[in-house]
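Structure assessment
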Amino acid sequence: MPRNIMMGFSFNTFFGLEDRITDYPEVVIFGAMFVPLLLLIPVALIGWIFRKLKLNMYIIHVLLYTLLFTFIFGAITIFVLFFITDKNGVKLVYCWLTVFTGMFIFSLINANTITKMFTDWSKIIKYKQNQ
C-alpha cells in the first residue's frame, strides 16, 4: 500500500550538492566572487554581437549591471555572513542567490537610469581630459 508522503522544503538541501557545499563552505566565497566575473565574459561577448547586429541592448545591460552589483554586494554579503554565522555553506548559497535575484530586479527596473549615469560619467571624464 503506497503512502503519500509530503516532504517540506528544507534550506539544508541544494540540488544534491549539500554534502560538498557543507564540507567546504569556503568554496561559496570564491563562487560568490568569481561566478559574476566569469559570467561577464560571455555576456559581454553576446552584447558585442547584439551591438554589431544593431539589436536592443536592454537585457544585456540588465545582465551586466546585475553581475557587477552582485560581484560587489554579493561578495561583501557572503564575507559578512561567513564570518558572523555558523558557516553553513548551503544557507550562504541561498543568501547569494537572494542577493543575485534582488540585483537582477533592481537592474531590470533601473537599467535606463544606470546607463544614463555611466554615459554622464564618461562625458564628464572626457570633458576633464580635454581641459
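Residues numbered from 1 in each chain as written. Predicted model: local features only at pLDDT ≥ 70, side-chain atom pairs only at ≥ 80, totals over all residues. Heavy atoms only, no water.

Moving on to the overall build of the protein. When helices and strands are counted, the protein shows four helices and zero strands. For the protein, the sequential pattern of α-helices and β-strands runs α-α-α-α. Sorting the 131 residues of the protein into buried and exposed places 27% on the buried side. Across the protein, the fraction of contacts at a sequence separation of at least 24, relative to all contacts at a separation of at least 6, is 77%. (Helix = DSSP H or I, 4+ residues; strand = E, 2+ residues; numbered from the N terminus. Buried < 20%, exposed > 50% of the residue type's maximum accessible area, 1.4 Å probe, protein only. Contact = heavy atoms within 4.5 Å.)

Looking now at unusual backbone geometry. Here K54, not a glycine, exhibits a phi torsion of approximately 55°, which is positive. Along the chain, K54 turns up in the loop between α2 (26-52) and α3 (58-84).

What follows is about the packing of aromatic side chains. In the structure shown here, the tally under the stated rule is eight aromatic pairs. Relative to F118, the ring of Y65 has its centre 5.8 Å away and its plane inclined at 40°; by these criteria the two rings are tilted. Taken together, the residues span a long stretch of sequence, with Y65 in helix α3 and F118 in helix α4 (residues 89-130) at a distance of 53 residues. Given the relative accessible area of 32%, F118 is considered partly exposed. With 5.9 Å between their ring centres and 70° between their planes, F69 and F106 make a pair best called edge-to-face. Placement of the pair is F69 in helix α3 and F106 in helix α4, with a sequence separation of 37 residues. (Phe/Tyr/Trp six-rings, centres within 6.5 Å; stacked < 30°, edge-to-face > 60°.)

Here we take up the packing of α2 against α3. Axis separation between α2 and α3 bottoms out at 9 Å; the angle between their running directions is 175°. With respect to their mutual orientation, α2 and α3 come out roughly antiparallel. By residue class, the composition of the contact of α2 with α3 is 21 nonpolar, four polar and two charged. (Axes fitted to C-alpha atoms, helices over the stretch in contact; angles between N-to-C directions. Parallel < 35°, antiparallel > 145°, perpendicular 65-115°, else oblique. Nonpolar A, V, L, I, M, F, W, Y, C, P; charged D, E, K, R; others polar.)

Here we come to the environment of F71. Within the secondary structure, F71 is located in helix α3. Ignoring any residue separated from it by four or fewer positions in sequence, one finds F71 in contact with M33, P36 and L37.

By secondary structure assignment, the location of H61 is in helix α3. Overall, H61 belongs to the buried group, its relative accessible area being 19%. Beyond its immediate sequence surroundings of up to four residues, H61 is in contact with R51 and T115.

What follows covers α4. Along an α-helix, a turn takes 3.6 residues, which lines up residues three or four apart on a common side. In a regular helix each residue adds 1.5 Å, so 42 residues correspond to 62 Å; α4 covers only 50 Å between its end C-alpha atoms and thus falls short of that length. At N110, α4 is deflected by roughly 75°, the largest bend along its length. By the burial criterion, the buried members of α4 are G89, V90, L92, V93, Y94, W96, V99, M103, S107, A111 and I114. (Expected span 1.5 Å × (residues − 1). Bend = angle between axes of the 7 residues up to and from the residue.)

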